[in-house]
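# Structure assessment
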Amino acid sequence: MRTAEPAALRSSGGGPDRATFLELFFDLVYVFALTRISARAFEDLVLEGGQTGWSAVTGGGKTLLLLVALWAVWQGTAWTTSRYDPHHLWLQIIVITALISAMVMGVAIPRAFGHSGLMFATAYVVAQVSRPAILVLVLQNQQYRRLKRRMLITFCATGVLWLAGALLPVNARVALWTAALVLEYLAARFGWPVPGLGRSTVSRWDIHGEHLAERYQQIFLVALGETILLAGLSFTRSPTSPGMVTAFAVALATSVLLWRIYVQRAGQVLGEAVTRAAHPATVGRSAADTHLVMVIGVVATAIGYELVIEHPIGHNELPWLAVILGGPAVFLAGRARFEYEVFGRVSPSRLVGIAALLLPVPLLVRLAPLVASGFAAAVLTAVAVADARRAWGRPPEDAAPPF
């Protein structure tokens, strides 16, 4: 453990590439938090009588809002440990604070738009404000301190929206929390501009590219692990039937396919793409958005697992198909962009797969959920086979980021 100033960026200081045990411990909290996201969505779709039409849209939108907030805490922490020495005492305090905050947010998720709203908002604000506040105090480099001051001012301003929203009725709460997230996203996108303090250029931010790439790979594996956990829990808490056994088998096969499509081959060489780029931070920022899209797709797919395993036979509903088929489609959309970030191209199989998942919805809504789940697995299998055929007999493709 180090107590001197955090190293200026590890890419220039030569620190270790691998994530620390504390960072991996932090990721474990997200396994729990993502299960709470899935439980909330499942409750909306099934346990409370199901939602249809506009109610399903608003319910899904609120759950997505909570997921994006969780992602914002994870991403901010991952970027910090990819810029500064994570073995430093103050960096470890930042990670531990984010870990505890994410755990509290996870506990509050099921009733975040009810009596647990203030708990969720307070934990989020603590995680986001404490990070730049601590760095302002411990950093000596004025350039880095100016950036953290701007971040601190921004998060304090949006923190007012988070806390005020937690005290208001549901609709106002959603509006204020959404506005806060949009402001934070735009601030990060445009270099944290603050009147009188200027702004910075994202392309000039120093990061340890290999470490950041590994962190994105790890959070994707966390999301994938959540799908397996949810499928297993769904299968074991109800009496088994041939339909449930088949649904469980399809769920496991789908998880394997999601892993295969991710790693072949962009997922393997993301670190190389980041370090090869003229502006690594630009690739890192783009990859953050892409991984958020893929994680949303994977989480939605996991919710679909739960629906199909517990209700394999019967009538489908559009909200159910939105996760059973829409989850894999969103994942493929994110994976297409991911391929462009790493190789500067998009394979046609991704786009064909998205179309194949969405076009048969009018037919599949008339069939059993298990049929829709099996169809989604078949489409993902075709995409994975197309990837394997393209790579067969050829040397491994090198990263060629277009940035």
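All chains use their own residue numbering, which begins from 1 and follows the written sequence. Restriction of local features to residues with pLDDT of at least 70 applies here, the model being predicted, together with a cutoff of 80 or more for giving and counting side-chain atom pairs; totals for whole chains, interfaces and linings are based on all residues. For side-chain calculations, the full set of non-hydrogen atoms in the structure is used, while hydrogens and water are omitted.

Per an unreviewed UniProt entry, the recorded name for the chain is Low temperature requirement protein A, and the organism is Micromonospora chalcea.

### Things to note about the overall build of the chain
Applicable threshold: Helix and strand definitions follow DSSP, with helices as H or I runs of at least four residues and strands as E runs of at least two, each counted in order from the N terminus. Only C-alpha atoms enter the radius of gyration; for comparison, a globular chain is expected to reach 2.2 Å times N to the power 0.38, where N is the number of residues. We call two residues contacting when some pair of their heavy atoms lies within 4.5 Å.
Looking only at helices and strands, one finds 16 helices and 0 strands in the chain. For 403 residues, the compact-globule estimate of 2.2 N^0.38 gives 22 Å, and the chain sits close to it at 21 Å. With respect to the principal axes defined by its C-alpha atoms, the chain has extents near 65 × 60 × 35 Å. Residue pairs at least 24 apart in sequence account for 81% of intrachain contacts in the chain once pairs closer than 6 positions are excluded.

### A word on the confidence of the model for the chain
Note the cut-off: Per-residue confidence from the predictor is reported as pLDDT, a score between 0 and 100.
For the chain, mean pLDDT is 90; residues scoring 70 or higher make up 92% of the total. Across residues 11-16, confidence stays below pLDDT 50; counting only partners more than four residues off in sequence or on other chains, it has 8 contacts.

### Digging into empty space enclosed by the protein
Formally: Here the term cavity refers to a set of points on a 1 Å grid, laid over the protein atoms alone, in which a 1.4 Å probe fits but cannot get out; the term pocket refers to an open set having protein on both sides within 12 Å along at least five of seven lines, with lining residues being those that place an atom within 4 Å of a point. Grid points are joined across faces, edges and corners, and a volume is the space filled by probe spheres set on the points.
Inspection of the entire model under this criterion finds 2 cavities of 30 Å³ or more. Here the largest cavity defines a volume of roughly 70 Å³. Looking at the largest cavity, the residues that line it are Thr254, Thr301, Gly304, Tyr305, Val308, Val323, Ile324, Pro328, Ser373, Ala376 and Ala377. Among the secondary structure elements, those contributing two or more residues to the lining of the largest cavity are helix 11 (280-310), helix 12 (318-324) and helix 16 (369-391). Residue contributions to the lining of the largest cavity peak at 4 residues, all from helix 11.

### Concerning the layout of surface pockets
Rules: Any residue that is not Ala, Val, Leu, Ile, Met, Phe, Trp, Tyr, Cys, Pro, Asp, Glu, Lys or Arg is counted as polar, Gly included; the first ten are nonpolar and the last four charged.
Its boundaries defined by the atoms lining it, the largest pocket holds a volume of some 700 Å³. Taken together, 32 residues line the largest pocket, and the ones lying closest to its centre are Ala72, Gln75, Leu181, Glu184 and Tyr185. Partitioned by chemical class, the residues of the lining of the largest pocket number 19 nonpolar, 6 polar and 7 charged. What the second largest pocket holds in volume is close to 540 Å³. Surrounding the second largest pocket, 24 residues form its lining, Gly60, Gly61, Ala300, Ala322 and Val323 being those nearest its centre. Counting residues per element, the lining of the second largest pocket draws most heavily on helix 3 (residues 53-83), at 8 residues. For the lining of the second largest pocket, a count of residues per class yields 15 nonpolar, 8 polar and 1 charged.

### Focus: the packing of helix 5 (residues 117-138) against helix 7 (residues 170-189)
To characterise two packed helices, one gives the angle between the axes of the helices and the distance between these axes. As a reminder, the rule being used: Every angle, taken between N-to-C directions, lies between 0 and 180 degrees, and every axis is a line fitted to C-alpha atoms, over only the stretch in contact when it is a helix. Oblique is the label for any angle not under 35 degrees, not over 145, and not in the 65 to 115 range, which are roughly parallel, roughly antiparallel and roughly perpendicular in turn. For any helix crossing, the convention is left-handed if the near helix is rotated counterclockwise from the far helix by under a right angle, and right-handed if that rotation is clockwise.
Interaxial distance between helix 5 and helix 7 falls to 13 Å at its minimum, and their mutual angle equals 15 degrees. Compared by their axis directions, helix 5 and helix 7 come out roughly parallel. Handedness of the crossing formed by helix 5 with helix 7: left-handed. Facing Gly117, Phe120, Ala121, Tyr124 and Gln128 of helix 5, the residues of helix 7 in contact are Arg173, Trp177, Leu181 and Glu184.

### Concerning helix 16
Rules: One less than the residue count of a helix, multiplied by 1.5 Å, gives the span that helix is expected to have. Buried residues are those whose accessible area, probed at 1.4 Å on protein chains only, stays under 20% of the maximum for their type, while exposed residues exceed 50% and partly exposed ones sit between those limits.
Across its 23 residues, helix 16 extends 34 Å between first and last C-alpha, which sits within 8% of the 33 Å expected from 1.5 Å per residue. Of the residues making up helix 16, those classed as buried are Pro369, Leu370, Ala372, Ser373, Ala376, Ala377, Val379, Leu380, Val383, Ala384 and Asp387. Those residues of helix 16 that are buried lie in contact with helix 9 (242-263), helix 11, helix 12, helix 13 (326-343), helix 14 (348-358) and helix 15 (361-364).

### Concerning the packing of helix 8 (residues 209-236) against helix 11
Following both chains from N to C, one finds helix 8 and helix 11 inclined at 5 degrees, their axes separated by 8 Å at the closest point. Judged on the interaxial angle alone, helix 11 and helix 8 are roughly parallel. Its residues assigned to classes, the contact of helix 8 with helix 11 shows 18 nonpolar, 4 polar and 3 charged.

### Structural notes on the packing of aromatic side chains
Describing an aromatic ring pair means giving the distance of the ring centres and the angle of the ring planes. The criterion, for reference: Each pair of aromatic rings taken from Phe, Tyr and Trp, with Trp reduced to its six-membered ring, is defined by centres within 6.5 Å and is described as stacked if the planes are under 30 degrees apart, edge-to-face if over 60, and tilted in the remaining cases. Either the NZ atom of lysine or the CZ atom of arginine qualifies as a charge over a ring when it sits within 6 Å of the ring centre and within 35 degrees of the ring normal.
This model, assessed by the stated rule, comprises 14 aromatic pairs. Measuring from ring centre to ring centre gives 6.0 Å for Trp74 and Tyr216, while their planes differ by 40 degrees; the resulting arrangement is tilted. Of the two residues, Trp74 is situated in helix 3 and Tyr216 in helix 8; the sequence distance between them amounts to 142 residues. Considered together, Trp74 and Tyr216 belong to a single accessibility category, that of buried residues. Measuring from ring centre to ring centre gives 4.4 Å for Phe235 and Phe248, while their planes differ by 10 degrees; the resulting arrangement is stacked. Of this pair, Phe235 sits in helix 8 while Phe248 sits in helix 9, placing them 13 residues apart in sequence. An aromatic cluster of at least three residues, connected via ring pairs, comprises Phe113, Phe120, Tyr124, Trp162 and Trp177. A cation over an aromatic ring shows up here: Lys62 above the ring of Phe113, its NZ or CZ 5.6 Å from the ring centre.

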